[in-house]
Amino acid sequence: MSIEKLREHVLANRQSIAYALGGFSTGVLGTLFGMFNVMFFTRVVGLDNSFFYTGHIVYGIWNAVNDPAFGWLIDHTANKANRRLPVIKYGGPLWCFFFMLTWYPWSSDGSSYTAFFHFLFSMFCYDGFLTYVLLVKCALLADLCVDSKDRNSLNNYSAWFSLAGSSLAMTSYYAWDEHNLSPFRTVAWVFSMLAAVGWYYSGSMMIMPTAVRRTCGIRG
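Residues numbered from 1 in each chain as written. Predicted model: local features only at pLDDT ≥ 70, side-chain atom pairs only at ≥ 80, totals over all residues. Heavy atoms only, no water.

Peer 1: Please give an account of the pattern of salt bridges that cites residues and values.
Peer 2: Counted according to the given criterion, the structure contains 1 salt bridge. In this structure, Arg-43 and Glu-178 form a salt bridge, with 3.7 Å as the shortest nitrogen-oxygen distance. One end of the pair, Arg-43, is in helix H2 (residues 14-44); the other, Glu-178, is in the loop between helix H6 (148-170) and helix H7 (182-205), with 135 residues separating them in the sequence. Classification of Arg-43 as exposed rests on a relative accessible area of 52%. (Salt bridge = Lys/Arg side-chain N within 4 Å of Asp/Glu carboxyl O. Helix = DSSP H or I, 4+ residues; strand = E, 2+ residues; numbered from the N terminus. Buried < 20%, exposed > 50% of the residue type's maximum accessible area, 1.4 Å probe, protein only.)

Peer 1: Which residues make up helix H4 (residues 85-100), and what are the values?
Peer 2: Here H4 contains 16 residues, and its C-alpha end-to-end distance of 23 Å stays within 8% of the 22 Å for a straight helix at 1.5 Å per residue. Of all the positions in H4, only Leu-85, Val-87, Ile-88, Lys-89, Gly-91, Gly-92, Trp-95, Cys-96, Phe-99 and Met-100 are classed as buried. (Expected span 1.5 Å × (residues − 1).)

Peer 1: Provide a residue-level description of a nonpolar patch on the surface, including the pertinent values.
Peer 2: Taken together, Phe-97, Tyr-104, Trp-189, Val-190, Met-193 and Leu-194 make up a surface patch of nonpolar side chains, about 540 Å² in accessible area. Looking at the nonpolar patch element by element, the count peaks at 4 residues for H7. Inspection of the secondary structure assignment puts Tyr-104 in the loop between H4 and helix H5 (113-144). (Patch = residues over 30% accessible without salt bridge, like charges linked within 9 Å, V, L, I, M, F, W, Y side chains within 5 Å. Areas by Shrake-Rupley, 256 points an atom, 1.4 Å probe, with all protein chains shown as cover.)

Peer 1: Could you give an account of the environment of Met-100, naming the residues involved and the relevant values?
Peer 2: In this structure, Met-100 sits in helix H4. Under the relative-accessibility criterion, Met-100 is labelled buried at 1%. Along the backbone, Met-100 and Arg-185 are 85 residues apart, and their C-alpha atoms lie at a distance of 8.3 Å. Excluding residues within four positions of it along the chain, Met-100 makes contact with Arg-185, Ala-188, Trp-189 and Ser-192. (Contact = heavy atoms within 4.5 Å.)

Here it is, written out as structure tokens:
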């Protein structure tokens with residue numbers, strides 16, 4: 001495919017590609033966190049078992065509370081001019097930044113409260129931003145299109161981009177060494193920055209339909 005044809009394809013499918021970039025970024029972050037979070041805190045930090053299981057109980061409570069809380073917050077703070085797009089454009093990169101703080105231990109003593117609070121901080125930030133950003137991404141389907149074919153197109157693009165992001169992130173396994181985290185951190189930073197760029201351009205490229213803008217009282 002020539003550069004010109006590629007450009008035409010991107011322009012013709014701008015909305016689908018923009019929406020799918022969020023799927024790519026989610027795939028990257030979700031795969032990295034899912035693969036290495038437990039290994040990091042149990043093997044590298046050596047988190048005490050009682051802290052580990054207590055942390056998951058507290059996290060379960062947080063997970064039950066943050067979904068309706070963030071849903072209410074987003075509905076009451078969304079910018080009417082472009083609806084929820086700023087959350088994706090800026091909240092996504094923030095998610096990537098706080099995600100990277102996971103891989104820098106606050107304490108080398110797994111029995112300390114400092115290590116325990118790092119564990120809680122890591123899970124709270126990851127799940128909090130995941131909820132905040134993905135609630136918006138999923139809700140955008142209703143704003144972006146009402147036709148089932150268009151909605152399927154957005155979902156299909158997002159699924160393939162998510163698969164690409166997950167596959168890319170899985171290669172970080174070859175950089176993982178619990179005795180030397182430097183190579184893994186370097187790879188994680190690269191992938192996290194790619195995810196941040198994906199979120200930024202996802203929020204920047206998407207265009208709210210005219211009907212939605214008029215419903216919100218916006219002209220043009």
